[in-house]
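Here are the chains, one letter per residue:
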Amino acid sequence: MSKLDVPVGIVGAALQDEQREVPDGTPPAWRESASLKQVGKSLPRIDGADKVSGRARYTADIVRPGMLHGKVLRSPHPHARLHRVDVSEALKMPGVKAAVVLPHLLGIADDGSAKQGAVNVVRYYGQPVAAVAAQTPEQAVAALAKIKVDYDVLPFVVDPNEARLPTAPKVFEQAVTARGSAGGGGSKDKLNQVGNVRGPKRGAPKGRDVDKQAQQVTQALLAGPQGMRATYKTQVQTHSALETHGLVAEWNRSLDELTVWASTQGIFSVRDELAEYLGIPQSKIRVLTDYCGGGFGAKFGAGNYGVLAALLAKAAAAPVRLVLDRREEHLAVGNRPGSEQSIALAAAADGKLTAIEVKGFGFGGAGAGAGFGGPALSLYDCPAVYVEESDVFTHSGPLAAFRAPGHPQGVFALEQAMDELAERLHLDPMALRDKNDSHPARREERKRTAAAFGWSSRTAAGQGPRLGKLGEIRRGTGMAQGLWYHLVSLDSNAEVRIHRDGSVELLTGVQDIGGGVRTPLAQVVAEELQLPIAKIKVTIGDTRLPPGPGSGGSVTTASITPAAREAAYAAKLALLKELQGVLGLDKLPELTDGKLVGEKAGKPITALPFAQACARMRRAEVLGTATRQPDYGAPNNGKRGGFAAQLGGVQLAEVEVNTLTGVVKVIRVVAGHDCGRPVNPLLVQSQIHGGIIQGVSYALFEERRLDPRTGRLLNGNLEQYKIAGSLDVPKIEVILLEELRGRSSTDVSGIGEPATVPTAAAIANAVYNAIGVRIRELPITPARVLAALASQRGETKP
Ligand code: MOS
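Parameters at a glance
Residues numbered from 1 in each chain as written. Predicted model: local features only at pLDDT ≥ 70, side-chain atom pairs only at ≥ 80, totals over all residues. Heavy atoms only, no water. Helix = DSSP H or I, 4+ residues; strand = E, 2+ residues; numbered from the N terminus. Buried < 20%, exposed > 50% of the residue type's maximum accessible area, 1.4 Å probe, protein only. Contact = heavy atoms within 4.5 Å. Areas by Shrake-Rupley, 256 points an atom, 1.4 Å probe, with all protein chains shown as cover. Lys, Arg positive; Asp, Glu negative; His and termini not counted. Charge placed at Lys NZ, Arg CZ, Asp CG, Glu CD. Polar contact = N/O pair within 3.5 Å; in protein donor to acceptor, adjacent residues only side chain to side chain. 1 Å grid on protein atoms, 1.4 Å probe; cavity = no way out; pocket = protein on both sides within 12 Å on 5 of 7 lines; lining within 4 Å. Points joined across faces, edges and corners; volume = space filled by probe spheres on them. Nonpolar A, V, L, I, M, F, W, Y, C, P; charged D, E, K, R; others polar. Pairing = 2+ DSSP bridges.

**Section: the overall build of the protein**
In step 1: Along the protein, the regular secondary structure elements total 18 helices and 37 strands.
In step 2: If one aligns the C-alpha atoms of the protein with their principal axes, the spans along those axes are about 95 × 75 × 55 Å.
In step 3: Here the protein, with 798 residues, has 59% of them falling under the buried criterion.
In step 4: Residue pairs in contact within the protein that sit at least 24 positions apart in sequence constitute 78% of those at least 6 positions apart.
In step 5: Of the roughly 30,600 Å² that the protein leaves accessible, carbon and sulfur atoms contribute 52%.
In step 6: Side-chain charges in the protein split into 94 positive and 81 negative, and the spacing between the mean points of these groups amounts to 1 Å.

**As for the environment of Gln226**
In step 1: Along the polypeptide, Gln226 turns up in strand 11 (residues 226–234).
In step 2: Of the residues examined, Gln226 reaches a relative accessible area of 26% and is grouped as partly exposed.
In step 3: It is 8.0 Å that separates the C-alpha atoms of Gln226 and Leu421, two residues lying 195 residues apart in sequence.

**Digging into the side chain of Asp542**
In step 1: Considering the arrangement of structural elements, one finds Asp542 in the loop between strand 26 (536–539) and helix 14 (556–583).
In step 2: Here Arg544 takes part through its backbone nitrogen, which lies 2.8 Å from a polar atom of the side chain of Asp542.
In step 3: For Asp542, the contacting residues outside a window of four places in its chain are Ile267, Phe268, Arg286, Val287, Leu288 and Gly509.

**A word on empty space enclosed by the protein**
In step 1: One pass over the full model with this rule turns up five cavities of 30 Å³ or more.
In step 2: The space that makes up the largest cavity amounts to roughly 80 Å³.
In step 3: Contributing to the lining of the largest cavity are Leu4, Val6, Pro7, Ala29, Trp30, Tyr632, Arg677, Gly742, Ser744, Ser745, Thr746 and Asp747.
In step 4: Among the residues making up the lining of the largest cavity, the classes are represented as six nonpolar, four polar and two charged.

**Focus: the pairing of strand 10 (residues 197–203)**
In step 1: Where strand 9 (residues 193–194) lies against strand 10, two bridges are found, and the strand directions are antiparallel. Bridge assignment links Gln193 to a residue of strand 10, and that residue is Arg198.
In step 2: The antiparallel pairing of strand 9 with strand 10 creates a hairpin that spans two residues between the two strands, and Gly195 there sits at a positive phi of about 60°.
In step 3: In terms of strand pairing, strand 10 meets strand 20 (residues 385–392) through five bridges, oriented antiparallel. Bridge assignment links Gly203 to a residue of strand 20, and that residue is Val387.

Take a look at the structure:
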């Protein structure tokens, strides 16, 4: 180990040098981005032209010789016993080359029966049962109708309130467990399970005793001079990625090897799930993803459709493409679970929090781990914090990790509760946060966003400007904040090759899910080699490359950029050593501004352009490899897992509420965020825009609706399931901190998830400020706004 001086702090606020213990051979620390040439610059995406021109190849673009089309048969019943699935008639249909029954079901909570033979219970409408591969998609659809399935239809429950009743039909007879994915979800704890209720899972901040915290919360709530209690509800949201789930599977029969082109955020997790499911070595599966049109947490594995495609391709001895349609997407590949959260806060008269209590239920269908307690456990400095979360199972499609799992729900409740408390204490919401939140990045973000927004001119609830002919439009403003975590995956490896012609290649098995990871990777390598990014060829999206991290949990750039930089550093050292020998230089030369500089016999040599220098190599190429080191011993002040491990985020929203129609329009959002060192501020901004747009959509429009009488999906499309469109997008202003923490050779954190966490809560607080009546349930539809206004006028609900 050796010692390294690293800059630590917020650039433009407070920056100091600290010393870290680092592995020998670690490259020197970069200073703030203003001192760098490629990193920290808003360069356009290197693959932008490919994307906008249609050259970029997505999974549905893959065509293989002799390729067949797969379609999935899904259960028309939300709950049934499955006796016999007979595909023999389907196999006789025109064009059909294979038909298979799904051996066991992935994606739902595991009651232990999964691997004990064929699937024999249906637990949600749309559950995959079997699949067919045919020469055309139409032939495949026609053949599905010929598959005979004997169902014993059973009573079901899709309404989470009914599911909680002791008389409700049970989703699981046995106690379940649930595996998580890179993006969260999952719940391994041995929890109590009675009927459809599993839990509570009891929580307290890290390092505190749960029982003592529970007691202390109860006492503080009784004693607190000031406080509030309220219950908040959030809906089920589907991921609605632009590109639906899908893959193309092809077997090499002589080698018994499988190649898969997948729309995924984890080529290695797709490989591993297929290997485990099919019982073949990981080395015999290759997964490729050039481009992916979004995942948001639901695209880590091969999924049931992926397994079916692999089985069909094997049975048909031909490649099979199986891409889900939008309805299947809403039905069966995951969602952000709904929730019902009761919050109690207590505070001293000066606004210092004395207790936070969150108790509630998560509604993840046939999936477990629908929690929301993360924000309450970590957002505020409060001596007593206690959380109870339970899953309520229903006969509906299971949850999946979804962009900051649990956090938008948790923050929607907690940050409205804080707003309600601020009002009772006659404190400005910003001031209440300042009193209770010492996170340095968020503190700075509050300061900078408030100034940019003009927060100080805010009026009290219902007192804002009235617009429109009749004064029917009310304006309001609100703020909310959130957190996410600086997470690192050590499955992050990179290789840099410098060729004799001066070309440079970076190879790493990461994948682009839409964030544009190729560009920051090129920037990091270019910075190290002192070249423009156009000189760097980035090759990703193939499990034959050095393993890369899954693109989830906001771990990607935090994990892979240090490996890329260190691989470039190692390749550079190899190049310089080679050239020192060839050119007979006194000491190791250097690369600067695309040129090699050095000394020979005490005198500087004529600077050699990079390509000319490489041409002097005696071997075809030099190579550098690196694997992600754990974060450098980081400062940890002992609180909440250490501030350095927490990412912030503060958003301020301005809305217009039409009191005649109930329509809410978000006019403007000012967002302050931190993600360590932003390698490419333009791409970070793009992530923040996306997070806010998805948050607006969550706040106002999205909701998966099931028919309580049939258990069927009512809005399996993007017409009745509305997501925000371009006219719904507010003016967005991003304020980006550069926060250095001295944790890795690039000091990067992720931004994909934190960007969406506070949005819905900020909008809800702004709606309250506009109309003076609070809406504690998502989505904030015109009907809910009108009902709230009616109750404000003392009218009973229609
Ligand atoms: Mo995410 S929910 O880790 O894609």
